[in-house]
Amino acid sequence: MTVHFIGAGPGAPDLITVRGLRLIQSCPVCLYAGSLVPEEIVKAAPAEARVLDTAPMTLDEIIAEIVAANEKGLDVARVHSGDPSLYGATAEQMRRLDALAIPFDVTPGVPAFAAAAAALKTELTVPEVCQTVILTRTAMKSSAMPAGEELATLAQSGATMAIHLSVRNIPHIQRELVPVDAYGEDCPAIIAYRVGWPDETFIRCTLGELHRKAREAKLTRTALILVGRGLGAKDFIDSRLYDGDHVHVLRPKRKSVA
């Protein structure tokens, strides 16, 4: 028996990995985060499978279902949105399973920030503009942010920021980022709402306009905020990767023709 933690991707049913889908198709028990995982994905479970939406369940109740499956020797598909490594509350489940000696593995999924960049047809790392992406959130009703991970501190790098779980905390984002030289009122920003879903929406604006734009769109949840000078940058150098003068092991120096 194995518990398979599966990243279902950001929303579109066809953005799940082949491995993840096959595991769902084969597991007699499927526990999924119903508030964020499309029903089309879990419909792939066997017809006789026990399929439960874990959104209204507590951690104890989820683990009890897994223990019951373990006692029967039944594999479990534990389906989370996006990628299980980001804000999925998987670590606490894995800790419980370790304590119970219940085996598990993890299948990665497409994270929302990557799906957003793809939909926007943009690269988040632009040569000599930004070569770092910071994935973070802000603290509201959830657990506190560790010391040293305040937005103003992270912002000193000037990196592209992908700020999760914070659409209701935009005034705080602006207070932290606007004073930083690398950002400022005019810094490009994007609100990515329900990435991968049929009602997916992208709102391009500046950092100074973020709060007003979110209020006008009446967004209160399920939105990712991207901020950084690299967003939509046009005036940048070509990378060295495909430069004709750049020699590397796969493209050695060519002999000149006399």
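Residues numbered from 1 in each chain as written. Predicted model: local features only at pLDDT ≥ 70, side-chain atom pairs only at ≥ 80, totals over all residues. Heavy atoms only, no water.

- As annotated in an unreviewed UniProt entry, the chain is Precorrin-4 C(11)-methyltransferase from Fulvimarina uroteuthidis.
- Looking at the Sequence similarities (unreviewed entry) heading of the UniProt record, one finds this comment for the chain: "Belongs to the precorrin methyltransferase family."
- The record in UniProt for the chain states the following under Pathway (unreviewed entry): "Cofactor biosynthesis; adenosylcobalamin biosynthesis." (UniProt positions renumbered as here; feature names shortened; annotations may be inferred.)

## Notes on the layout of surface pockets
Here is step 1: Quantified by volume, the second largest pocket comes out at close to 220 Å³.
Here is step 2: Thr 122, Glu 123, Val 126, Ala 233 and Phe 236 are, among the 16 residues lining the second largest pocket, the residues nearest its centre.
Here is step 3: Looking at side-chain class alone, the lining of the second largest pocket contains six nonpolar, five polar and five charged residues. (1 Å grid on protein atoms, 1.4 Å probe; cavity = no way out; pocket = protein on both sides within 12 Å on 5 of 7 lines; lining within 4 Å. Points joined across faces, edges and corners; volume = space filled by probe spheres on them. Nonpolar A, V, L, I, M, F, W, Y, C, P; charged D, E, K, R; others polar.)

## A look at the pairing of strand β1 (residues 3-7)
Here is step 1: For β1, the tally of buried residues reaches five of five residues, placing the bulk of the element in the interior.
Here is step 2: Of the two faces of β1, the one lined by Val 3, Phe 5 and Gly 7 and the one lined by His 4 and Ile 6 are each fully buried.
Here is step 3: In this sheet, strand β4 (residues 76-80) lies alongside β1 in parallel orientation, the contact comprising five bridges. If you follow Val 3 over to β4, its bridge partner there is Val 76.
Here is step 4: Inspection of the sheet shows β1 paired to strand β5 (residues 104-107) by four bridges, in the parallel sense. Residue pairing across strands places Val 3 opposite Phe 104, the latter belonging to β5. (Buried < 20%, exposed > 50% of the residue type's maximum accessible area, 1.4 Å probe, protein only. Helix = DSSP H or I, 4+ residues; strand = E, 2+ residues; numbered from the N terminus. Pairing = 2+ DSSP bridges.)

## With respect to the sheet that holds strand β8 (residues 188-193)
Here is step 1: Here we have five strands laid out as an open sheet, ordered β6-β7-β10-β8-β9, and mixed in their pairing. Lying at the two open borders of the sheet, with one neighbouring strand each, are β6 (133-137) and β9 (201-206). Between one strand axis and the next, the sheet turns by 20 degrees as a mean value, whatever way the strands run.
Here is step 2: In this structure, strand β7 (residues 160-164) lies alongside strand β10 (residues 223-227), joined through three bridges in antiparallel fashion. Paired with Ala 162 across the two strands is Leu 226, which belongs to β10.
Here is step 3: The strands touched by helix α5 (residues 112-120) within the sheet are β6, β7, β8, β9 and β10, with β10 carrying the most contacts at an inclination of about 70 degrees. (Axes fitted to C-alpha atoms, helices over the stretch in contact; angles between N-to-C directions. Contact = heavy atoms within 4.5 Å.)

## Observations concerning the environment of Thr 160
Here is step 1: Along the polypeptide, Thr 160 turns up in strand β7.
Here is step 2: Here Thr 160 falls in the buried class, since its relative accessible area comes to 1%.
Here is step 3: Separated by 28 residues in the primary sequence, Thr 160 and Thr 132 have C-alpha atoms spaced 6.3 Å apart.
Here is step 4: Among the polar contacts listed, one links the side chain of Thr 160 to the backbone oxygen of Leu 124, at a separation of 3.1 Å. (Polar contact = N/O pair within 3.5 Å; in protein donor to acceptor, adjacent residues only side chain to side chain.)

## Here we look at the UniProt feature "domain: Tetrapyrrole methylase" (unreviewed entry) in the chain
Here is step 1: As annotated by UniProt and renumbered to match this structure, "domain: Tetrapyrrole methylase" (unreviewed entry) occupies residues 2-210.
Here is step 2: Helix makes up 28% of residues 2-210 and strand makes up 21%, while its end C-alpha atoms are separated by 44 Å.

## Some remarks on the environment of Glu 185
Here is step 1: Mapped onto the elements, Glu 185 comes out in the loop between α7 (170-177) and β8.
Here is step 2: With 51 residues separating them along the chain, Glu 185 and Ile 134 place their C-alpha atoms 19 Å apart.
Here is step 3: Ignoring any residue separated from it by four or fewer positions in sequence, one finds Glu 185 in contact with Val 178, Thr 206, Leu 207 and Gly 208.

## Here's the deal with the sheet that holds β5
Here is step 1: Read across the sheet, five strands follow the order β3-β2-β4-β1-β5 without closing on themselves; strand pairing throughout is parallel. Each of the sheet's edge strands pairs with one partner strand only, and the pair in question is β3 (50-53) and β5. Mean inter-strand twist for the sheet, computed between neighbouring axes without regard to direction, equals 15 degrees.
Here is step 2: In this fold helix α3 (residues 59-71) packs onto β1, β2 (29-32), β3 and β4, with an angle of close to 165 degrees to the strand it touches most, β2.

## Topic: unusual backbone geometry
Here is step 1: The residue Lys 121 is not glycine, and still its phi comes out positive at about 55 degrees.
Here is step 2: Structurally, the position occupied by Lys 121 is in the loop between α5 and β6.
Here is step 3: Note on Lys 121: relative accessible area 79%, which makes it exposed.
Here is step 4: Of note, the phi angle at Leu 165 is positive, near 55 degrees, even though the residue is not glycine.
Here is step 5: By the secondary structure assignment, Leu 165 is in the loop between β7 and α7.
Here is step 6: Residue Leu 165 is classed as exposed on the basis of its relative accessible area, which comes to 56%.

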